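Coordinate inspection notes
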Amino acid sequence: ALGPLPRLQGVVELLDRPDNSDEEVRENLQDIERLNRYFGGARTALLHLSRMIGGRSQSPLMILDIGTGGADIPRAICRWARQRKLPVTVEAVDRSHQVLAAAAEWLAGYPEIRLRQEEAPPLPYPDDSFDYVLCSLFFHHLTEAQGVRLLWEMRRVARHGLIVNDLMRSRLARLLTEIATRLLSGNRLTRHDGPMSVLRGFRPEELLHMATEAGLGDVRVSLHPWFRIALVKEITPCAGR
């Protein structure tokens, strides 16, 4: 019988390399946005965010998005918040200048979003700087030790909650991701990185172990359609660090 699929480590996704053309990177980020839209990446983030916010109407909500890529999740959050007349500001960070340059092109009409180039972890913010901290499709780029460090940092800067939204590793997920990326895109980065991202993803028990190592206490890990996995930590006002 096939045992659990071991996590692929010590490899670099093409998007993380410095020698891609601007055009390839832009196309790849647009593919990621499309995949997030069709296969639930944006929906998963908004589902958990809206549950945590509930009837809360702080003015304005301050959100941090780590590893923002083309900033498609921040844009989805802004559209969602506008429909609810919820004032929001989003700080969107990524380590790649090239990626952020592409993201900046798509932010016309989104004054709520500010881009910042940073390598994470660590996070360059004081404790309790944001209401909510999100990380979508970035976690699988990290080693387990970096993941633990990032969870600790996310908890440190979040006042009300944090969400890690990523891909769950499985053989079926890898196969279907390979098919989807080939059908939807001719982009070399998308076709290479999509299946590899799944192979680098974490499974529920691994995320729970990392959350324990990071001292997060009570967290929820949930599975969503199309091999999405979410780790959510809600922070109650009385909870000390």
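Keep in mind it's a predicted model, so treat the numbers as computed, not measured.

What counts as what
- Residues numbered from 1 in each chain as written.
- Predicted model: local features only at pLDDT ≥ 70, side-chain atom pairs only at ≥ 80, totals over all residues.
- Heavy atoms only, no water.
- Helix = DSSP H or I, 4+ residues; strand = E, 2+ residues; numbered from the N terminus.
- Rg over C-alpha atoms; globule rule 2.2 N^0.38 Å.
- Contact = heavy atoms within 4.5 Å.
- Areas by Shrake-Rupley, 256 points an atom, 1.4 Å probe, with all protein chains shown as cover.
- Lys, Arg positive; Asp, Glu negative; His and termini not counted.
- Charge placed at Lys NZ, Arg CZ, Asp CG, Glu CD.
- Phe/Tyr/Trp six-rings, centres within 6.5 Å; stacked < 30°, edge-to-face > 60°.
- Buried < 20%, exposed > 50% of the residue type's maximum accessible area, 1.4 Å probe, protein only.
- Axes fitted to C-alpha atoms, helices over the stretch in contact; angles between N-to-C directions.
- Parallel < 35°, antiparallel > 145°, perpendicular 65-115°, else oblique.
- Left-handed = near helix turned anticlockwise from the far one by under 90°.
- Nonpolar A, V, L, I, M, F, W, Y, C, P; charged D, E, K, R; others polar.
- Core = buried A, V, L, I, M, F, W, Y, C linked by side-chain atoms within 4.5 Å.

1. With respect to the overall build of the protein chain
Scanning the protein chain from N- to C-terminus turns up eight helices and seven strands. In terms of overall dimensions, the protein chain is globule-like: its C-alpha atoms have a radius of gyration of 17 Å, near the 18 Å expected for 241 residues. On the principal axes, the C-alpha backbone points of the protein chain span a range of 45 × 45 × 30 Å. In the protein chain, the proportion of contacts linking residues at least 24 apart, taken out of those at least 6 apart, comes to 78%. For the protein chain, the exposed area adds up to about 11,200 Å²; of that, 56% sits on carbon and sulfur atoms. Of the charged side chains in the protein chain, 32 are positive and 30 negative; the average position of the first set lies 5 Å away from that of the second.

2. Side note on the packing of aromatic side chains
Aromatic rings in a pair are described by how distant their centres are and how their planes are angled relative to each other. Applying the stated criterion across every chain, the model contains four aromatic pairs. With 5.0 Å between their ring centres and 70° between their planes, Phe 39 and Trp 226 make a pair best called edge-to-face. You can see Phe 39 sitting in the loop between α1 (22-38) and α2 (41-53) and its partner Trp 226 sitting in the loop between β6 (220-224) and β7 (228-234), a full 187 residues away along the chain. Owing to a relative accessible area of 46%, Trp 226 belongs among the partly exposed residues under this scheme. For the ring pair Phe 139 and Phe 202, a centre distance of 5.8 Å and an interplane angle of 65° mean the geometry is edge-to-face. Of this pair, Phe 139 sits in the loop between β4 (130-136) and α5 (144-157) while Phe 202 sits in the loop between α7 (188-199) and α8 (204-213), placing them 63 residues apart in sequence. Here the two residues Phe 139 and Phe 202 agree in accessibility, since each one is buried.

3. So, the environment of Ile 73
Mapped onto the elements of the fold, Ile 73 is located in helix α3 (residues 72-83). For Ile 73, the residues in contact, after removing those within four places along its chain, are Asn 36, Gly 41, Ala 42, Ala 45, Asp 65, Leu 134 and Ser 136.

4. A few points about the environment of Glu 213
By secondary structure assignment, the location of Glu 213 is in helix α8. The exposure class assigned to Glu 213 is exposed, which follows from its relative accessible area of 53%.

5. Some words on the packing of α1 against α7
Where α1 meets α7, the closest approach of the two axes is 8 Å, and the angle between their N-to-C directions is 50°. Accordingly, the angle class assigned to the pair α1 and α7 is oblique. Of the two possible hands of crossing, α1 and α7 adopt the one that is right-handed. Of α7, the residues touching α1 (which contributes Glu 24, Val 25, Asn 28, Asp 31 and Leu 35) are Arg 188, Leu 189 and Thr 190. Of the residues in the contact of α1 with α7, the class split is three nonpolar, two polar and three charged.

6. Some thoughts on the nonpolar core
Soluble, globular proteins show a tendency: their nonpolar side chains are buried together. Within the largest apolar cluster, 31 residues are counted, with the highest numbers of intra-cluster contacts made by Ile 66, Phe 139, Leu 150 and Leu 151. With five residues, the single largest contributor to this core is α5. Those residues in contact with Leu 150 that sit more than four places away from it in its chain are Ile 66, Ala 120, Pro 121, Leu 123, Cys 135, Phe 138, Phe 139 and Leu 142. In this structure, Val 88, Tyr 110, Ile 113 and Ala 230 belong to the second largest nonpolar core, which totals 28 residues.

The values are spatial; any link to function lies outside them.
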